[in-house]
Amino acid sequence: MSPKVKQVLVYFTLIKKPFLFTFEPELKNNMKKVLILGSTGSIGINTINVIRNFPGEFEITALTINTKIDLLEPQIHEFNPKAVVVKDEKLGRELERRINGKCEVLVGEQGLIDAAKNLDYDIFVGAMVGFCGLAPTLEAIKRGKIITLANKETLVVAGELVTNLCKKHNAKLLPIDSEHSAIFQCLEGEDKNSVEKIILTASGGPFLNKSKEALANVTVQEALHHPNWEMGNKITIDSASMMNKGLEMIEARWLFGIEKERIDVLVHPQSIIHSMVQYVDGSIKAQLGLPDMKLPIQYALTYPARLANNNPRTDLAKIGSLTFFQPDMEKFECLKLAYNALDAGGTAPCIMNAANEIAVEKFLKGMIKFSNIPKLIYKALEKIENHKAPDVYTIFECDKETREFVLKLS
Ligand code: MG
């Protein structure tokens, strides 16, 4: 924004003579300051693409990553953040040498927490994967920031705690996950009491048409080949097992304060309808768009405004038909496990999530079969004690205990 030079006519009463002078008001920076956690992952890179589309709207003040310093380095040169965090300490020191004082470099898990706790920002973008997102998100909430969340695990493991803390500190929680962004958009301008149910759509992943028996022998390569979405490895495997939809169902429960009996999962292989809300009069509102994360990210960053962009448009005539099916809970056991974990409450979703994170890592490393993912989760839910109404400490302990247990399983 260019400063407006103002001319002011001042009449000095003593000299009784008009006197003209000019001054430049101090430049007021109206740009929203953004902290991106996980800037080199799929959501982080898309967030940066959105920000690039709106020069003058956003200023990136900090970026955090786990390990990919080669990708972070050009981001630092392009956006001049005040600070960056590298979770891997050694790589963080390596980056510090490379950028030669261009910005502050924090390292380690504590660095992530310190960034959320101390740095200057308006919008927190939680684009990291897994349980590690919880601690920094809690710090951002305590500061009453705008929390845009792609990291669904945070709400899965601590949904009640997180949403209560948001109310207490007046922090606004905005979804980035495409399904939840769709529901959020469908709910705009509606009375929450007139919602009958939420219809969460699922692509069904690469194994929608495979038999349960065939699922046992799928390869990592096959599981990583999602038909519609380009995403990171962990979420792509979660999509193949449909655990992703289970996690999203729990995420929806807390984001929208609606019990699981009123959240339906509907398989919709084209991923054009991103989710729907059905109202008490029988009307259904849906949000449609191409499977591209830039739209939900942009909506979260600019909410409540809608800003024009040049992204490709949805050509329904070209798409032709949209189809829908009931999910097969016997085949996709992870989805059933998620419903059961939410039903059990307490730390059950935390146990399920930790067991899933380790099981997915093991599958990606070729250590277990795809069909063993739900088996490991089931064993963890059976073995680890469920603590009701857990506090933050209990959730962290439960996550740790579950990981240690599942690491030993095969
Ligand atoms: Mg999603």
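Residues numbered from 1 in each chain as written. Predicted model: local features only at pLDDT ≥ 70, side-chain atom pairs only at ≥ 80, totals over all residues. Heavy atoms only, no water.

### Thoughts on the sheet that holds strand β9 (residues 172-175)
Applied cut-off: When DSSP finds at least two bridges between two strands, those strands are taken to pair. Only DSSP runs of H or I covering at least 4 residues are called helices, and only runs of E covering at least 2 are called strands; the numbering of each starts at the N terminus. Angles run from 0 to 180 degrees between N-to-C directions of axes, and those axes are lines fitted to C-alpha atoms, restricted for helices to the stretch in contact.
Spatially, the seven strands line up as an open sheet ordered β6-β5-β4-β3-β7-β8-β9, and their pairing is parallel. Each edge of the open sheet carries a strand with a single partner, namely β6 (104-107) and β9. Between one strand axis and the next, the sheet turns by 20° as a mean value, whatever way the strands run. Relative to strand β8 (residues 146-149), strand β7 (residues 123-126) runs parallel, the two sharing four bridges.

### Structural notes on the confidence of the model for the chain
Interpretation of this model should avoid reading the predicted coordinates in detail wherever pLDDT is low. Spelled out, the test is: Each residue carries a pLDDT value, the predictor's own confidence for that position, ranging from 0 to 100. Contacts are assigned to residue pairs with any non-hydrogen atoms lying within 4.5 Å of each other.
When the pLDDT values of the chain are averaged, the result is 93; 93% of them are 70 or greater. Here residues 1-15 is modelled with pLDDT under 50, and outside its nearest four sequence neighbours on either side it reaches 26 contacts, counting other chains as well. Below a pLDDT of 50 lies the segment residues 22-27, which in the model reaches nine contacts outside its immediate sequence neighbourhood of four places, other chains included.

### Concerning the domain arrangement of the chain
The line we're drawing: The source of the domain bounds is an automatic or database domain assignment. Defined in terms of a 1.4 Å probe, buried area is the accessible area two parts forfeit on being brought together, summed over both. Should a side-chain nitrogen of Lys or Arg be within 4 Å of a carboxyl oxygen of Asp or Glu, the pair is scored as a salt bridge.
Looking at the assigned domains, one finds that the chain contains domain 1 (32-175), domain 2 (185-330) and domain 3 (345-410). Spacing between the C-alpha centres of domain 1 and domain 3 amounts to 26 Å. Taken together, the contact between domain 1 and domain 3 spans 10 residues of the former and 12 residues of the latter. Contact between domain 1 and domain 3 buries roughly 840 Å² in total, counting both sides, with carbon and sulfur atoms accounting for 77%. Contact with domain 3 buries area across many residues of domain 1, yet Phe131, Val157 and Leu161 alone supply 59% of it, more than any other trio. Taken together, the connections running from domain 1 to domain 3 amount to zero salt bridges.

### Describing the nonpolar core
As a reminder, the rule being used: What makes a nonpolar core is a set of buried Ala, Val, Leu, Ile, Met, Phe, Trp, Tyr and Cys residues whose side-chain atoms join them at distances within 4.5 Å. With a 1.4 Å probe rolled over the protein chains alone, any residue whose accessible area is under 20% of its type maximum counts as buried; one over 50% counts as exposed, and the rest are partly exposed.
Grouped together as the largest cluster of nonpolar side chains are 124 residues, with contacts concentrated most on Leu95, Phe124, Val162, Phe256, Met352, Phe370 and Ile373. Excluding residues within four positions of it along the chain, Val162 makes contact with Leu134, Leu138, Ile141, Thr154, Leu155 and Leu173.

### Remarks on the coordination of the magnesium ion
Heads up, the rule is: Only nitrogen, oxygen and sulfur atoms within 2.8 Å of the metal, or 3.2 Å for Na, K and Ca, are treated as donors, and water is left out, so sites may look incomplete.
For the magnesium ion, the protein coordination sphere consists of Asp177 (OD), Glu179 (OE) and Glu248 (OE), at 2.0 to 2.2 Å. On the primary sequence, the residues serving as donors to the magnesium ion are separated as D-x1-E-x68-E. Residue Asp177 is found in the loop between β9 and α7 (178-187), and its partner Glu248 is found in helix α11 (residues 243-255); the two are separated by 71 residues along the sequence.

### Structural notes on the packing of aromatic side chains
Both the distance between ring centres and the angle between the ring planes are used here to describe each pair of aromatic rings. Heads up, the rule is: Stacked, tilted and edge-to-face pairs are distinguished by plane angle, under 30 degrees for stacked and over 60 for edge-to-face with tilted covering the rest, among Phe, Tyr and Trp rings (Trp via its six-membered ring) whose centres lie within 6.5 Å.
Applying the stated criterion to the full structure yields seven aromatic pairs. On the numbers, 6.5 Å between centres and 45° between planes, the contact of Tyr121 with Phe124 is tilted. Residue class for Tyr121 comes out buried when judged on its relative accessible area of 1%. Since its relative accessible area comes to 0%, Phe124 is described here as buried. Ring geometry for Phe184 versus Tyr303: centroids 5.1 Å apart, planes at 55°, classification tilted. Note that Phe184 is positioned in helix α7 and Tyr303 in the loop between α12 (294-302) and α13 (316-319), a separation of 119 residues in sequence.

### Quick look at the pattern of salt bridges
Pairing between side chains becomes possible if they bear opposite charge and their charged atoms approach one another. Inspection of every chain in the model, using the stated rule, returns 25 salt bridges. In this structure, Lys260 and Glu261 form a salt bridge, with 2.7 Å as the shortest nitrogen-oxygen distance. Beyond isolated ion pairs, a larger network of salt bridges with shared partners links Asp70, Glu73, Glu94, Arg97 and Arg98.

### Some points on the sheet that holds strand β11 (residues 263-267)
In spatial order, the strands read β11-β10-β12-β13; together these four strands make up an open sheet with mixed pairing. In the strand order of this sheet, the two ends are held by β11 and β13 (284-288), each with one partner. The mean inter-strand angle of the sheet, taken between neighbouring strand axes irrespective of direction, is 20°. Sitting on the sheet, α7 is in contact with β10 (195-202), β12 (273-279) and β13, with an inclination near 40° to β12.

### Observations regarding the layout of surface pockets
To be explicit about the condition: Within this scheme a cavity is a closed region of a 1 Å grid, computed over the protein atoms alone, that accommodates a 1.4 Å probe without allowing it to escape, whereas a pocket is open but has protein on both sides within 12 Å along at least five of seven lines; lining residues each have an atom within 4 Å of a point. Grid points are joined across faces, edges and corners, and a volume is the space filled by probe spheres set on the points. By the convention adopted, Pro, Cys, Tyr, Trp, Phe, Met, Ile, Leu, Val and Ala count as nonpolar, Lys, Arg, Asp and Glu as charged, and the other residues, Gly among them, as polar.
Computed from the structure, the second largest pocket encloses a volume of approximately 630 Å³. The wall of the second largest pocket is formed by 26 residues, among which Lys192, Trp254, Leu255, Phe256 and Gly257 lie closest to the centre. Residue assignment for the lining of the second largest pocket shows that the elements contributing at least two residues are α6 (152-169), β9, α7, β10 and α11. Ranked by the residues each element gives to the lining of the second largest pocket, the list is headed by α6, at five residues. Residue classes in the lining of the second largest pocket are distributed as 13 nonpolar, four polar and nine charged. Each of domain 1 (32-175) and domain 2 (185-330) contributes no fewer than three residues to the lining of the second largest pocket.

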